[in-house]
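Spelled out from the first residue to the last, the chains are:
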There are 2 protein chains.
Amino acid sequence: MTHTLNPTTTRRHPVNVRDVVVEDAFWGPRQQQLRATTLDAQYDQLVATGRIGSLALTWTPGSDEPRPHPFWESDIAKWLEAASYVLGTHPDAALEAKVDGVVAALAGAQQEDGYLNAYFTVVAPGERFTDLRDAHELYAAGHLIEAGVAHHESTGKTTLLDVVARYADLLVSEFGPGGAHEGGYCGHEEVELALVRLYRTTGERRYLDLALAFVDARGTTPHYFDVEQEQRGTAGFFGAMFPQRGDRRQEFLEYNQSHAPVREQSQAVGHAVRAMYLYSAMADLAAETGDEGLRGACETLWTHLTTKRMYVTGGIGDSRHNEGFTRDYVLPNDCAYAETCAAIGLVFWARRMASLSGSAQYVDVLERALYNGVIAGVSADGQKFFYENPLASDGSAVRRDWFDCACCPPNLARLEASLGSYVYAASADSLAVDLYVGSTVARRLGGADVRLRQSSSSPAGGDVALTVSSSAPAVWSLLLRAPSWARGTAVSVNGEATDAVVGEDGYVTLRREWADGDRVDVAFDVEVRRLYASTHVAADAGRTALAYGPFVYCVEGVDVEAPVHAVVLGDSALEPVLPASEVVPVLVGPASVETRGSADDAVLYSEARAPRRDVELTAVPYYSWNNRGASTMAVWLREG
Amino acid sequence: MTHTLNPTTTRRHPVNVRDVVVEDAFWGPRQQQLRATTLDAQYDQLVATGRIGSLALTWTPGSDEPRPHPFWESDIAKWLEAASYVLGTHPDAALEAKVDGVVAALAGAQQEDGYLNAYFTVVAPGERFTDLRDAHELYAAGHLIEAGVAHHESTGKTTLLDVVARYADLLVSEFGPGGAHEGGYCGHEEVELALVRLYRTTGERRYLDLALAFVDARGTTPHYFDVEQEQRGTAGFFGAMFPQRGDRRQEFLEYNQSHAPVREQSQAVGHAVRAMYLYSAMADLAAETGDEGLRGACETLWTHLTTKRMYVTGGIGDSRHNEGFTRDYVLPNDCAYAETCAAIGLVFWARRMASLSGSAQYVDVLERALYNGVIAGVSADGQKFFYENPLASDGSAVRRDWFDCACCPPNLARLEASLGSYVYAASADSLAVDLYVGSTVARRLGGADVRLRQSSSSPAGGDVALTVSSSAPAVWSLLLRAPSWARGTAVSVNGEATDAVVGEDGYVTLRREWADGDRVDVAFDVEVRRLYASTHVAADAGRTALAYGPFVYCVEGVDVEAPVHAVVLGDSALEPVLPASEVVPVLVGPASVETRGSADDAVLYSEARAPRRDVELTAVPYYSWNNRGASTMAVWLREG
């Protein structure tokens, strides 16, 4: 199958992370912490667990060294990607030396033919590309490619880009037309979107074609995972045979989204991170080729996911069993899996859908996931992480230093480090403000060199000021996203109110000749909202979730002298209160708590309805939970 | 350790099943169905799955025969026990022939030394008694012993009793003082209570002593499961090694209640069926020996279980993971495990606690489990079974014909077949009516031959009449249990109201000279009750369960045009309504259902609180759910 490229796009693309300096009351300290603490701590973990050392390829059977794992390179690569973004805006000789060292180690581990995976080089050298379904081999390659692109774009160096391009060239020869493994694709998607990035950076069409080939082959018959198992004759990396028939086959197929050709897929199924990475690649490819089949599938999948299978936090994938989706409206709160990486994957996909469509509706979901399901994954001190993100806890959930399967911590790091690239999207004569994050963006617009400075007091809807510096007066469009959480968005230009109208795309568009010193003020009308789930959702029946701005709130037991399931909201409104030295308010107001005192210990079931006592309730942003010790927690609160 | 027997007991014991004929509007048809359908269907399953055939000991490696499993004899034995009870009150030549055939097959499978287990005879002959922890070997022996006792007591034959006594004698020589396996005990308790039954039937003290030895050894150090694993040098039957240290060791220990000596155990932990069978044996032994340590442990464990870890249905064991208990007040409804066998085990234990104490509080729990958690395990047609008994369903739960691990169906059969023995408890001069079940009991009381006929219109609290037939006037006490679900219990004797007072033991006691033709009428004041869980139970917060008499109710989606989680009860009362040809009422009354119509399909989260529409709600007894096709179901209903 050949594809033409999309020749006429005027779409806005994310602004490169290097061109955005974040100076924000909320994100600034988080990025500072990332630079000062988290990156070093994660590097130390990569060293201590043997991941970096594995690149020396000195492991032998029986040696004391930790045995390399097929996807260790992906952890290293995500850390490199995060570190590269930091270096692009905040030069740091010590960090650069670490990065250069890891890049050199990767280059040293690369084989003559371009191959780069320690496990398949020293542990199972004969098994290269024989278990695409389970071994994560191309997944790890994809992360290396993303790291190579990020490293080049942020530092200008080609040391890692050259390495990963050589590896990608090997993949083209193995999986491209006439290659030994033509028709194959990875059980854990990732390499597809990475190859699109590599194409965009290098302009080399063969990488885009390989990404298309991977996506096009997925779910076709004869099924590649049957073919490779037949050739291999053994179970996959985790010991499972690919079932030839029955219910279990469907489960295996859906797990990695290979149950149907991708253009025919209409429901978000299987492993949630895999799904997000596949859909991201599909959106990228739709954008590059104009493929309406891919675009249509993306839109159908998006609607399905966001109207039937997404938590209010933007967390996705309700089940631990498959780290993914089960059935429509099955969104249990206490045992929600909602992997941090899956919410990050939703951010990736949403950004691509926004770019593909120019519609702010996708940014609304991006923002929901980012400010809730994603950043809940890291502790206030930047050093502990959630893999799973339940929306209710009996007090047993706590963040951890690291995980054997360590995908989430460096994934969080690369997202936070690249936050600047999510704030703005631009075309040749337009700049859209997608997130209200204090920052300065540099961009050529309407023929002029423009710098736009955004100052924002709080991501929860504080007033925003935008000031323009321009090399010359120039005509371009400034688009201001009207968040779905704002009751209204008032805009003034140089002190004069505009009759700003929110377009169908969800933006207020100001097209004019912008001159140096122009100033735009944006004010949001923000109130505490009570959210209600579709009545199809059993887990949320009779419950409400509190929200303010983009933040979803929760109640923690530490703030009420009772388990949070005993808390009942009445009709009285809660009000935002800004704690000292914070930029996101807590919500405070009257509520009641059910308790029978010691009678509750003595009798399990009685005819006595529990009396209520009044309390002043404090709800905290969901992302901030579990930072004050183990505690019960609930997002969905009883109402009545 | 030696134990003296308890010399002075005047406790009431259950009346033998053979001496009670059930003629009850509720139970009569169920027992009739058991005789007409269920026993034959289960026998056919025992044949079809190879269980009966395995006793021919003809399996060889590579043969086409199903490979025997170590606990297949337990399924056979429970069916034999059920069939024996039936033969005791309802002679049936065809059933007797089947029973005799199975008994002969068991006798034929017995080895020279008394051993009787097909798996360890033909599959793994060298491994006898090497894996007490996992292989269920003594568990299967215990069920054979119970079957032998029941067969003898109900039919008078000794064919099976002789077989199991020979097997028990082997166990005495192997596990008794000086035996090769002294200090060992089974990972799945059962043989202990069986040996007490065998002692009571035969009077042979060595069986009681062995039961005591098993119970006394449990949880002592050095731990037997370490010792046997060390000797064996391999993992257990299911492939797991017994952990030497760490959190996993505690989990393994608690799983089979070997984490501490039994007299020091204070919390119901681990596999729920195992726990119930152990505690039942402890109560039996406390009764036989007067051991205050065992009695005290039983009382402590009982209080813990019933105030912290029991569903309102009498189901126990919330987690599928260990088929058992997790933490206090963790009682999720939709994923409740609540194995049918565990509720049956609670009935067993409760009856023994009632016998040990003479207190009706234990019968209240027995009745709760029996009328709810137990009989929900079987379909209205008597042919399909639940293994797990959730208290809420999204419509995916359905009963099945049989299970690979088939403990529940024959366990239900033996309980229903022996129901008569739960109705009355007696001493030499007292007869207690524990359950209000239409029946006739024959018993020697106060020196006379007495028959008491009980007629009861409904177990939900209809009026009850008791008539005495007596060979001569005699003084004895008639005790009438005052159920905890009755607001009041009015008693008249020969038409004259008594000022009946409920004693501390929970019974109304009528001690007088009873003459032939005396009549007692009992009237219960019964209302629809709303039950509330302790506020410690997160899963039931804001919810109520409906109850009437001993029955807990549920709502099924088939009775409301909405998923049941959208149903909300108001303050209006529901009233009992007796459907045609039923003896247990349904509950009918006003409620509301939340729905937004098609908006619920289009938007997952909104600020619109769902409006309510009024409905007439019908709640059905929990035991009867899932008899009208797959449907959503909930016991705990929203209120407000």
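Computed from a prediction, not measured in an experiment: that's the story for all the values here.

## Overview of the overall build of chain A
Within chain A, the regular secondary structure consists of 17 helices and 23 strands. Computed over the C-alpha atoms, the radius of gyration of chain A is 25 Å, within 12% of the 26 Å expected from 2.2 N^0.38 for a compact globule of 640 residues. Counting only C-alpha atoms, chain A reaches 75 × 70 × 50 Å along its principal axes. Here chain A holds 640 residues, and 62% of them are scored as buried. Relative to all contacts within chain A whose residues are 6 or more apart in sequence, the contacts with residues 24 or more apart total 69%. Placing the 54 positive and 84 negative side-chain charges of chain A at their respective mean positions leaves the two points 1 Å apart.

## Details of the relation of the copies chain B and chain A
Placing chain B over chain A gives an RMSD of 0.0 Å and needs a rotation angle of 180°, together with 0.0 Å of translation along the axis. Viewed as a symmetry operation, the transformation between the two copies matches a two-fold axis. Distance from the rotation axis, computed per C-alpha, reaches its smallest value in chain B at Gly640(B): 3.1 Å. Comparing interface residues between copies, 100% of those in chain B also lie at the interface in chain A; the contact surface is shared.

## A look at the side chain of Asp216(A)
Among the structural elements, Asp216(A) can be located in helix H8 (residues 205–217). At a separation of 2.9 Å, a polar atom in the side chain of Asp216(A) contacts the side chain of Arg263(A).

## Re the sheet that holds strand E2 (residues 20–22) of chain A
Hydrogen bonds between backbone groups are what pair the strands of a sheet, and the pairing can be parallel or antiparallel. Residues and elements named next belong to chain A. Ordered in space as E2-E6-E7-E8-E13-E10-E11, the seven strands form an open sheet in which the pairing is antiparallel. A strand with exactly one partner marks an edge of an open sheet, and here the two such strands are E2 and strand E11 (496–497). The pairing of strand E8 (residues 464–470) with strand E13 (residues 519–525) spans four bridges and is antiparallel. Each bridged residue has a counterpart across the sheet, and for Leu466 the counterpart in E13 is Val520.

## A look at the state of the cysteines
Put plainly, a disulfide is one covalent bond tying together the sulfur atoms of two cysteines. If you walk through the whole model with that rule in mind, you get zero disulfides over all chains. The cysteine Cys341(B) is free of any disulfide, with Cys408(B) supplying the nearest cysteine sulfur at 3.5 Å.

## Focus: the sheet that holds strand E9 (residues 474–481) of chain B
Residue and element names in this part refer to chain B. Across the sheet, five strands lie side by side as E1-E4-E5-E9-E12; this open sheet has mixed pairing. If you trace the sheet from one side to the other, it starts and ends with strand E1 (13–14) and strand E12 (507–514), each paired once. Inspection of the sheet shows E1 paired to strand E4 (residues 424–427) by two bridges, in the antiparallel sense. By the bridge assignment for E4, Pro14 is matched with Ala425.

## Some points on the pairing of strand E6 (residues 439–445) of chain A
Residue and element names in this part refer to chain A. In this sheet, E6 lies alongside E2 in antiparallel orientation, the contact comprising three bridges. By the bridge assignment for E6, Val22 is matched with Ser439. Sheet topology places E6 next to strand E7 (residues 448–456); seven bridges connect them, and they run antiparallel. Within E7, the position partnered with Arg444 by the bridge is Asp449. From the end of E6 to the start of E7, which pair antiparallel, there are two residues, and Gly446 there has a positive phi angle of about 55°.

## Points about the pattern of salt bridges
In the structure shown here, the tally under the stated rule is 96 salt bridges over all chains. A salt bridge links Arg596(B) to Asp600(B); the shortest N-O distance between them is 2.6 Å. Each member of the pair Arg596(B) and Asp600(B) is classed as buried. Taken together, the salt bridges that share partners define one network made up of Glu81(A), Glu146(A), Arg197(A) and Arg414(A).

## Regarding the interface of chain B and chain A
By a widespread convention, an interface's size corresponds to the accessible area lost as its parts come together. At the junction of the two partners, chain B supplies 47 residues and chain A supplies 47 residues. When chain B packs against chain A, close to 3700 Å² is buried across both sides, 47% of that on carbon and sulfur atoms. Together, Thr535(B), Leu604(B) and Tyr605(B) form the three largest contributors to the area buried by chain B at its contact with chain A, with a combined 22%. Linking chain B with chain A are six salt bridges, by the criterion used here. Between Arg327(B) and Asp394(A) there is a salt bridge, with the nearest N and O atoms lying 2.2 Å from each other. At the surface where chain B touches chain A, the tally comes to 24 residue pairs in polar contact (both at pLDDT 80 or more). Mapped onto the side of chain B that touches chain A, the elements with two or more residues apiece are helix H12 (292–308), strand E14 (529–533), helix H17 (599–602), strand E20 (605–606) and strand E23 (636–639) of chain B. The element contributing the most residues to the side of chain B that touches chain A is E14(B), with five residues. Partitioning the side of chain B that touches chain A into residue classes produces 19 nonpolar, ten polar and 18 charged. Pairing geometry for strand E20 (residues 605–606) of chain A and E14(B), over two bridges, is antiparallel.

## Some thoughts on the packing of helix H1 (residues 27–48) of chain B against helix H15 (residues 408–417) of chain B
Residues and elements named next belong to chain B. Relative to each other, H1 and H15 sit at 140°, their axes nearing to 10 Å. One way to sum up the angle between H1 and H15 is to call them oblique. Both H1 and H15 take part in a crossing whose hand is left-handed. Packed against H1, whose contacting residues are Trp27, Arg30, Gln31, Leu34, Leu39 and Gln42, the element H15 presents Pro409, Pro410, Ala413, Glu416 and Ala417 at the interface. In the contact of H1 with H15, the residues fall into seven nonpolar, two polar and two charged.

## Comments concerning the UniProt feature "domain: Non-reducing end beta-L-arabinofuranosidase-like GH127 middle" (unreviewed entry) in chain A
Residues annotated in UniProt with the feature "domain: Non-reducing end beta-L-arabinofuranosidase-like GH127 middle" (unreviewed entry) correspond here to residues 431–525 of chain A. Note that residues 431–525 of chain A is 0% helix and 60% strand, and that its end C-alpha atoms are spaced 23 Å apart.

## Section: the domain arrangement of chain A
Residues and elements named next belong to chain A. Taken domain by domain, chain A holds domain 1 (23–242), domain 2 (425–525) and domain 3 (529–639). The straight-line distance from the C-alpha centre of domain 1 to that of domain 2 is 38 Å. With five residues of domain 1 in contact, the opposing surface of domain 2 contributes eight residues. Summing both sides of the interface, domain 1 and domain 2 together bury roughly 490 Å²; the carbon and sulfur share of this comes to 47%. Inspection of the domain 1/domain 2 interface yields one salt bridge.

## Re the packing of aromatic side chains
Taken as a whole and assessed by the stated rule, the structure comprises 60 aromatic pairs over all chains. Centre to centre, the rings of Phe242(B) and Phe252(B) are 6.3 Å apart; their planes meet at 70°, and the pair counts as edge-to-face. With Phe242(B) in the loop between helix H9 (224–232) and helix H10 (247–255) and Phe252(B) in helix H10, the pair connects residues that are ten residues apart, well separated along the chain. Neither Phe242(B) nor Phe252(B) differs from the other in exposure class; each is buried. A cation sits over an aromatic face here: Arg512(A) above Trp514(A), 4.8 Å from the ring centre.

Conventions adopted
Sequence order as written defines the numbering, with residues in each chain counted from 1. Here every chain gets a letter starting at A, and every ligand a number starting at 1, in the order they are written. Under the rules for a predicted model, residues below a pLDDT of 70 receive no local features and side-chain atom pairs below 80 are neither given nor counted, while totals for whole chains, interfaces and linings still include all residues. The side-chain numbers reported here are obtained from all heavy atoms of the structure, hydrogens and water having been left aside. Segments assigned H or I by DSSP are reported as helices when at least four residues long, segments assigned E as strands when at least two residues long, and all are numbered from the N terminus. What the globule rule says is 2.2 Å times the number of residues to the power 0.38, and the radius of gyration is computed from C-alpha atoms. Only protein chains enter the accessibility calculation, which uses a 1.4 Å probe; a residue is then buried when its area is under 20% of its type maximum, exposed when over 50%, and partly exposed in between. The contact criterion used throughout is that any non-hydrogen atoms of two residues lie within 4.5 Å. Think of it this way: Lys and Arg go in the positive column, Asp and Glu in the negative one, and His and the chain ends go nowhere. Think of each charge as sitting on NZ of Lys, CZ of Arg, CG of Asp or CD of Glu. Each copy is superposed on the other by least squares, with the fit set by C-alpha atoms of residues at a pLDDT of at least 70 in both. N or O atoms within 3.5 Å of each other form a polar contact, as long as, within protein, one can give a hydrogen and the other can take it, and as long as residues adjacent in sequence are counted only when both atoms are side-chain atoms. Each pair of strands is called paired provided DSSP finds at least two bridges between the two strands. By disulfide we mean two sulfur atoms from cysteines, separated by a distance within 2.5 Å. Salt bridges are defined as contacts in which a side-chain nitrogen from Lys or Arg sits within 4 Å of a carboxyl oxygen from Asp or Glu. By convention, the term buried area covers the 1.4 Å-probe accessible surface removed from two parts as they join, with the contributions of both added. Classification used: nonpolar for Ala, Val, Leu, Ile, Met, Phe, Trp, Tyr, Cys and Pro, charged for Asp, Glu, Lys and Arg, polar for all others including Gly. Axis lines are fitted to C-alpha atoms, over the contacting stretch for helices. Their N-to-C directions set the angle, which ranges from 0 to 180 degrees. Under this scheme an angle from 65 to 115 degrees is roughly perpendicular, one under 35 degrees roughly parallel, and one over 145 degrees roughly antiparallel; angles in between are oblique. The crossing is said to be left-handed when, going from far helix to near helix, the turn is anticlockwise and less than a right angle, and right-handed when the turn is clockwise. UniProt positions are given in the numbering used here, feature names are shortened, and annotations may be inferred rather than shown by experiment. For every domain, the bounds stem from an assignment made automatically or drawn from a database. Aromatic pairing here means that ring centres of Phe, Tyr or Trp (its six-membered ring) are within 6.5 Å. Orientation follows from the plane angle: under 30 degrees is stacked, over 60 is edge-to-face, and everything else is tilted. Criterion for a charge above a ring: Arg CZ or Lys NZ at most 6 Å from the ring centre, at most 35 degrees from the ring normal.

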